[in-house]
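Structure at a glance
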Amino acid sequence: MMATVNVRGTLVPVGPHTGKTIYLGADHRGFGLKEWLKPRLRKLGFRVVDVGTHSPKRVDYPQVALRVARPVSRAGGRTAVGIGVCGSSIGIAIVAGKLPGVLPANPATVAAARETRTHNNTNFLALSGDHMTPAKALAIAKAWLTRPFAPDPVRDARYIRRYLQTVRLDRG
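We now turn to the structure provided with this report.

Conventions and cut-offs
Residues numbered from 1 in each chain as written. Predicted model: local features only at pLDDT ≥ 70, side-chain atom pairs only at ≥ 80, totals over all residues. Heavy atoms only, no water. Helix = DSSP H or I, 4+ residues; strand = E, 2+ residues; numbered from the N terminus. Rg over C-alpha atoms; globule rule 2.2 N^0.38 Å. Buried < 20%, exposed > 50% of the residue type's maximum accessible area, 1.4 Å probe, protein only. Contact = heavy atoms within 4.5 Å. Areas by Shrake-Rupley, 256 points an atom, 1.4 Å probe, with all protein chains shown as cover. Lys, Arg positive; Asp, Glu negative; His and termini not counted. Charge placed at Lys NZ, Arg CZ, Asp CG, Glu CD. Pairing = 2+ DSSP bridges. Right-handed = clockwise from strand over helix to strand, strands pointing away. Salt bridge = Lys/Arg side-chain N within 4 Å of Asp/Glu carboxyl O. Axes fitted to C-alpha atoms, helices over the stretch in contact; angles between N-to-C directions. Parallel < 35°, antiparallel > 145°, perpendicular 65-115°, else oblique. Left-handed = near helix turned anticlockwise from the far one by under 90°. Core = buried A, V, L, I, M, F, W, Y, C linked by side-chain atoms within 4.5 Å.

Description of the overall build of the protein chain
Check the secondary structure of the protein chain and you find six helices and seven strands. Ordered by position in the sequence, the α and β elements of the protein chain form the string β-β-β-α-β-α-β-α-β-α-β-α-α. Relative to the compact-globule value of 16 Å for 172 residues, the protein chain shows a C-alpha radius of gyration of 15 Å, a close match. Along the first, second and third principal axes, the C-alpha set of the protein chain runs to 50 × 30 × 25 Å. Across the 172 residues in the protein chain, those meeting the buried criterion constitute 50%. Of the contacts made within the protein chain by residues no fewer than 6 positions apart, 71% connect residues no fewer than 24 positions apart. Carbon and sulfur atoms provide 53% of the accessible area of the protein chain, an area that totals close to 8,400 Å². Charged side chains in the protein chain number 27 positive and 9 negative. The centres of these two groups are separated by 4 Å.

As structure tokens, then:
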């Protein structure tokens, strides 16, 4: 069960992504990395749902981004997270961020991956099939999946405040 804190009547998820289902998808440029990551994420104990693509045949990244991001949006990031892989990591992140409740990040380093969790409570990780090695992608994913948001709700109150300001944008 996801750890939460109650902030003026709003439950804010504060734990790591452990125990959540990962929706994993890629376009043709990210296909190889997705296939490489899938068994390794499962070995870390995550339930992984592969939403495609299932071959290196050309496919448009917006379609894949939506297949990964929709379950994250429906779950509000509480029980599901997404990992999407495209050539640059940027396109898939842009599309995912169009859905309510989806907070994408495309960190290029392990340190940045940790910060996107600690500071921003991201729930969709975008990785580059063209610009990172599989080992680097796995290290980024591990750091992102295991890092909690606002580990100390008192000390990290500013991150919770900023997160709430961000998610309220979905409501207009």
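Next, the rest of the story.
A few points about the pairing of strand 4 (residues 47-50)
Here strand 4 shows one buried face, formed by V48 and D50, and one open face, formed by R47 and V49. Bridge count between strand 3 (residues 21-26) and strand 4: four bridges; the pairing is parallel. Counterpart to Y23 in the pairing with strand 4 is V49. A crossover links strand 3 with its parallel partner strand 4, the connecting element being helix 1 (residues 31-43), and its sense is right-handed.

Quick notes on the pattern of salt bridges
One pass over the full model with this rule turns up six salt bridges. Among the ionic pairs, K38 bridges to E35, the shortest N-O distance being 3.4 Å. In this pair, K38 and E35 both sit in helix 1, three residues apart, roughly one turn of the helix. A relative accessible area of 14% places K38 in the buried class. Overlapping salt bridges, with partners in common, bring together K34, E35, K38 and D50 in one network.

Topic: helix 4 (residues 110-118)
The complete set of buried residues in helix 4 reads A113, T116, R117 and T118. Those residues of helix 4 that are buried lie in contact with strand 6 (104-105), helix 5 (134-146) and helix 6 (157-168).

Some details on the sheet that holds strand 4
Taken together, the five strands give an open sheet; going across it, the order is 4-3-5-7-6, and neighbouring strands pair in parallel fashion. Each end of this open sheet is capped by a strand with a single partner; those strands are strand 4 and strand 6. Here five bridges tie strand 5 (residues 80-86) to strand 7 (residues 124-128), and the two strands are oriented parallel to one another. Bridging from a neighbouring strand, V85 pairs with L127 of strand 7. Sheet strands in contact with helix 2 (residues 61-75) are strand 3, strand 5 and strand 7, and its direction is about 170 degrees off that of strand 5.

Quick word on the packing of helix 1 against helix 5
Axes are the key here: two packed helices are described by the angle between their axes and the distance separating the axes. The N-to-C vectors of helix 1 and helix 5 enclose an angle of 45 degrees; their axes lie 10 Å apart at closest approach. By the criterion of interaxial angle, the relationship of helix 1 to helix 5 is oblique. Between helix 1 and helix 5 the crossing geometry is right-handed. Between helix 1 and helix 5, the contacting residues are L33, W36, L37, R40 and L41 on the first element and P134, A135, A137, L138, A141 and L145 on the second.

Some thoughts on the nonpolar core
With 22 residues, the main nonpolar core has I22, L41, I83, L125, L127, W144 and L145 as its most contacted residues. Contributions of two or more residues to this core are made by strand 3, helix 1, strand 5, strand 7 and helix 5. Per element, the largest residue contribution to this core is seven residues, and it comes from helix 5. One finds V64, A65, C86 and A96 within the second-largest nonpolar core, a separate group that totals 20 residues.

What is shown is where atoms sit, not what they do.
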